[in-house]
Structure formats: structure tokens, C-alpha cells
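Listed here are the chains, written in short residue letters.
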Amino acid sequence: MDLDLTAVESFIAVTESRHFGHAAERLGVSTSALTKRIQRLEAAVGVPLIERDTAGYAGLTPAGRRFVQFAPQLVHAAQVAKTAATGAPVETLRFAVPAGVGVVAPLMPQALATLELALQHAHPDVGIESVRTPFPELTPALLAGDVDVVLTFGPSPSPDVTSTRLSEIHRVGLVGATHPLAFKRAVEVHEFARLPMVYDPDLPDEYMQPFILSDVRPLEEATLVPISASNTAHVAQRILHGREVTVVPLALTANLPPELQRVGLIGVPASWYHAHRRSGDDRPALLTAIDLMTDFTDSITRSAMS
């Protein structure tokens with residue numbers, strides 16, 4: 001049996017429109033051309049698929065009702081096979097990455113490409129797109145459907161967001177080159193926590209709390225300096241020009257300019273990257289990608305250590 005996939009697609013259009021003329025208009029062909037396609041398909045499978053009357057379409061035959069259950073799968077399988085041959089993805093998962101991260105973590109695009117290759121072993125028709133997103137827009141972009149997953153630094157309190165814990169963040173201090181701590185390789189985290197520290201009060205807790213050391217001392221005891229930061233570059237610029245400090249993931253210190261210095265934090269509690277997705281979005285490819293993100297976050301951390 002040699003099935004013409006164009007004829008299969010035409011059959012699906014007729015069953016959905018329940019009218020030869022409407023299906024022909026939708027496909028951009030004449031009614032006679034559509035009729036010939038259906039006849040060619042019926043000849044290939046060896047049985048009638050559509051009941052006809054004077055108006056044309058009168059319903060599906062028993063064979064047609066069985067065939068229509070598998071026809072969409074035939075078309076989809078052909079699309080996947082074509083995709084595998086050409087290398088172009090049918091579906092793209094959009095990863096929100098905080099804007100400006102690529103400047104200080106130059107190996108992130110390479111790590112994302114590695115993640116995409118691993119994902120395509122299980123889902124060959126799925127690709128990944130990195131979407132640089134300002135800090136305040138990360139969760140709104142997810143809930144609006146503009147992105148499919150957000151890489152962030154803590155669980156979300158929102159019932160509309162499902163959080164998955166990934167690898168450890170490995171937090172370090174970041175200071176300007178003229179800061180008194182710039183020449184120290186590491187300090188006690190409680191000593192660092194007493195310093196004036198920048199923070200953005202408009203950001204959700206899951207983005208901000210790990211980096212103002214809220215798990216080290218009560219925030220009432222902290223000296224917090226409010227700033228408005230839409231990306232990592234804004235934070236770095238403030239550290240360059242002030243006496244404040246900040247805390248960042250080690251992964252974001254692989255490409256620091258000489259004007260910025262990282263400082264190890266002795267005794268800092270463990271914290272973890274998280275992947276956020278919309279609650280109920282349980283697409284197999286998305287869940288596989290999130291499973292792979294643990295290796296992804298590990299790899300960008302290792303690149304900063306080397």
C-alpha cells in the first residue's frame with residue numbers, strides 16, 4: 001500500500017469541514033481535484049472511506065471512522081521524519097534567561113547548544129530558543145506564554161507556576177576592584193553580610209532573596225541599598241561605581257572585567273537553581289528539557305571554576 005500523504009491531509013480536511021467544497025477552499029484546490037485525491041486514497045487503502053450523497057459528503061464509512069483515528073498520526077510522523085532529515089525543529093521550547101547573563105557567562109550559549117543536542121536524542125523534532133528577558137519580566141513572560149521555562153534561583157510561591165529544583169548555585173561575593181575586600185580570596189559569609197548590599201525591591205523574592213543573603217541573617221539587620229536593575233549589567237555597573245557589594249552565582253563570574261572581583265564566601269548556606277514552568281504544562285519534551293537543566297547549570301558553574 002502506497003499512501004499519498006497529500007491525500008491523507010485532504011481526507012482530514014474533509015472530515016473536519018464535513019463538506020467537500022469547504023475543504024477544497026481551505027486547501028486552495030478545486031472540488032474536483034480534492035475528490036480525485038480522496039478517490040486515490042480510497043484506492044490505496046482498498047475500501048471506501050467517505051459516504052457520499054447528492055450534496056457530496058454524507059459521513060464516514062466504518063473503515064473511514066477507523067482510518068481517521070490514525071490519519072493525523074501519519075501526517076505528524078511524516079513531518080517529524082522530514083524534520084529529522086533537514087535538521088529543522090517542528091517545536092521550539094523558549095528558555096527565559098536573565099538579560100545580560102551572556103556578558104558574564106560567555107559559555108552559556110554553548111551550554112544551551114549542548115542541552116539542545118541532548119534533548120533531541122529523546123525528542124528529535126524539538127529545538128530550544130534562548131530568550132533574554134529583563135529581571136522584572138521573567139515570571140510575567142512565563143505566565144503570558146511568551147516563554148516556556150524560566151531559569152531562576154528559588155521556588156515560586158505562585159500556584160500558577162511549578163518549580164523544579166536543579167543544581168546548587170554556589171554563591172560568591174562581587175566587589176569593585178578598589179573595595180577593601182578585592183584582594184581577599186574569601187571571607188566569612190557573616191562578615192560579607194554586614195556590608196552595604198544592593199537589591200531591587202521590585203523583584204520577586206525567588207530572584208532576590210538568595211543574593212541579599214536572607215538565609216544568613218535577618219533582613220532587618222541588613223544594610224540594603226535599593227536600585228532598579230533590569231539585567232546583570234545594571235548590577236555590575238552599580239558595584240563598579242559604589243562601595244556596595246552584591247552576591248551572584250559563581251556561574252556568572254567566568255568573564256569578569258578587571259574592575260570587578262569575586263570573593264569566596266566561607267560558610268554560605270546551600271541554595272539551588274530552579275526551573276519554573278506554567279502549572280499544567282506537562283509536555284514530555286519540556287519535562288525532559290527540565291531534567292537536563294541540572295547538567296546545564298552544573299556545566300556553566302564548572303566553566304566559571306576553570
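Keep in mind the model is a prediction, meaning the values are calculated, not measured. Per chain, residues are indexed from 1 in the order of the written sequence. With the structure being a predicted model, the display of local features is reserved for residues of pLDDT at least 70 and the display and counting of side-chain atom pairs for 80 or more, all residues being used for whole-chain, interface and lining totals. Excluding hydrogens and water, the side-chain figures rest on all heavy atoms present in the structure.

Mapped onto the fold, Ala270 is located in the loop between β12 (260–266) and β13 (272–278). A sequence separation of 100 residues divides Ala270 from His170, and the C-alpha atoms of the two residues are 7.3 Å apart. Strands here mean DSSP runs of E at least two residues long; helices mean DSSP runs of H or I at least four residues long; both are numbered from the N terminus.

Here we come to the sheet that holds strand β6 (residues 161–168). Between any two strands, at least two bridges found by DSSP are needed for them to pair. Taken in spatial order, the 5 strands line up as β4-β3-β5-β13-β6 in an open sheet, and their pairing is mixed. Taken across any chain shown, the strands that pair with only one partner, and hence form the sheet edges, are β4 (126–133) and β6. Between one strand and the next, the sheet's axes are offset by a mean angle of 25 degrees, whatever the strand orientation. Sheet topology places strand β3 (residues 91–98) next to strand β5 (residues 149–152); 2 bridges connect them, and they run parallel. Within β5, the position partnered with Phe95 by the bridge is Val149. Only heavy atoms enter the contact rule, under which two residues are in contact if any of them lie within 4.5 Å. An axis is simply a line fitted to the C-alpha atoms; with a helix, the fit covers only the stretch in contact. Between two such axes, the angle follows the N-to-C directions and lies from 0 to 180 degrees. The sheet contacts of helix α12 (residues 284–305) involve β3, β4, β5, β6 and β13, and relative to β6 the element is tilted by about 35 degrees.

Inspection of the secondary structure puts Pro136 in the loop between β4 and α8 (138–143). For Pro136 and Ser228, which are 92 residues apart along the polypeptide, the C-alpha to C-alpha distance reads 9.8 Å.

A few words on the confidence of the model for the protein chain. As a per-residue quantity, pLDDT reports the predictor's confidence and falls between 0 and 100. Chain-level statistics for the protein chain give a pLDDT mean of 85 and a share of 91% at 70 or above. The secondary structure element of the protein chain with the lowest average pLDDT is helix α6 (residues 101–104), at 49, and the one with the highest is strand β8 (residues 186–188), at 97.

Turning our eyes to something else, we now look at the sheet that holds strand β11 (residues 246–249). Taken together, 4 strands build an open sheet; the order of strands is β8-β12-β7-β11 and the sheet is mixed. Single-partner strands in this sheet number two, and they are β8 and β11. Across the sheet, the mean angle from the axis of one strand to that of its neighbour is 45 degrees, orientation sign disregarded. As paired strands, β8 and β12 are joined by 3 bridges and run parallel to one another. Bridge pairing in β12 places Ala186 opposite Gly264.

Turning next to the side chain of Arg217. Among the secondary structure elements, Arg217 is positioned in the loop between α10 (205–208) and β10 (224–226). Think of it in three bands: residues with accessible area under 20% of the maximum for their type are buried, residues over 50% are exposed, and the middle band is partly exposed, with areas taken using a 1.4 Å probe on protein chains only. Working convention for charge: Lys and Arg count positive, Asp and Glu count negative, and His plus the chain ends are omitted. Within this document, salt bridges are pairs made up of a side-chain nitrogen of Lys or Arg and a carboxyl oxygen of Asp or Glu, the two lying within 4 Å of each other. One buried charged residue, Arg217, forms no salt bridge at all, with the nearest opposite charge on Glu221 at 6.3 Å. The term polar contact refers here to a pair of N or O atoms within 3.5 Å; inside protein, the definition further demands a hydrogen-donor-capable atom paired with an acceptor-capable atom, and it admits residues adjacent in sequence only when both atoms are side-chain atoms. One polar contact links the side chain of Arg217 to the main-chain carbonyl oxygen of Ile212, over a distance of 2.6 Å. A distance of 2.8 Å separates a polar atom in the side chain of Arg217 from the backbone oxygen of Leu213. The residues contacting Arg217, other than those within four sequence positions of it, are Ala193, Met197, Ile212 and Ala222.

We now examine the packing of aromatic side chains. A pair of aromatic rings is counted whenever rings of Phe, Tyr or Trp (Trp by its six-membered ring) have centres within 6.5 Å, and the orientation is called stacked for planes under 30 degrees apart, edge-to-face for over 60 and tilted otherwise. Inspection of every chain in the model, using the stated rule, returns 3 aromatic pairs. Note on Phe153 and Tyr273: the rings are 6.0 Å apart at their centroids and 45 degrees apart in plane angle, and the pair reads as tilted. Taken as a pair, Phe153 in the loop between β5 and β6 and Tyr273 in strand β13 lie far apart in primary sequence, 120 residues in all. By relative accessible area, which is 12% here, Phe153 ends up buried. Two conditions define a charge sitting above a ring: the NZ of Lys or the CZ of Arg must be within 6 Å of the ring centre, and it must be within 35 degrees of the ring normal. We note Arg165 situated over the ring of Trp272; from NZ or CZ to the ring centre the distance is 3.9 Å.

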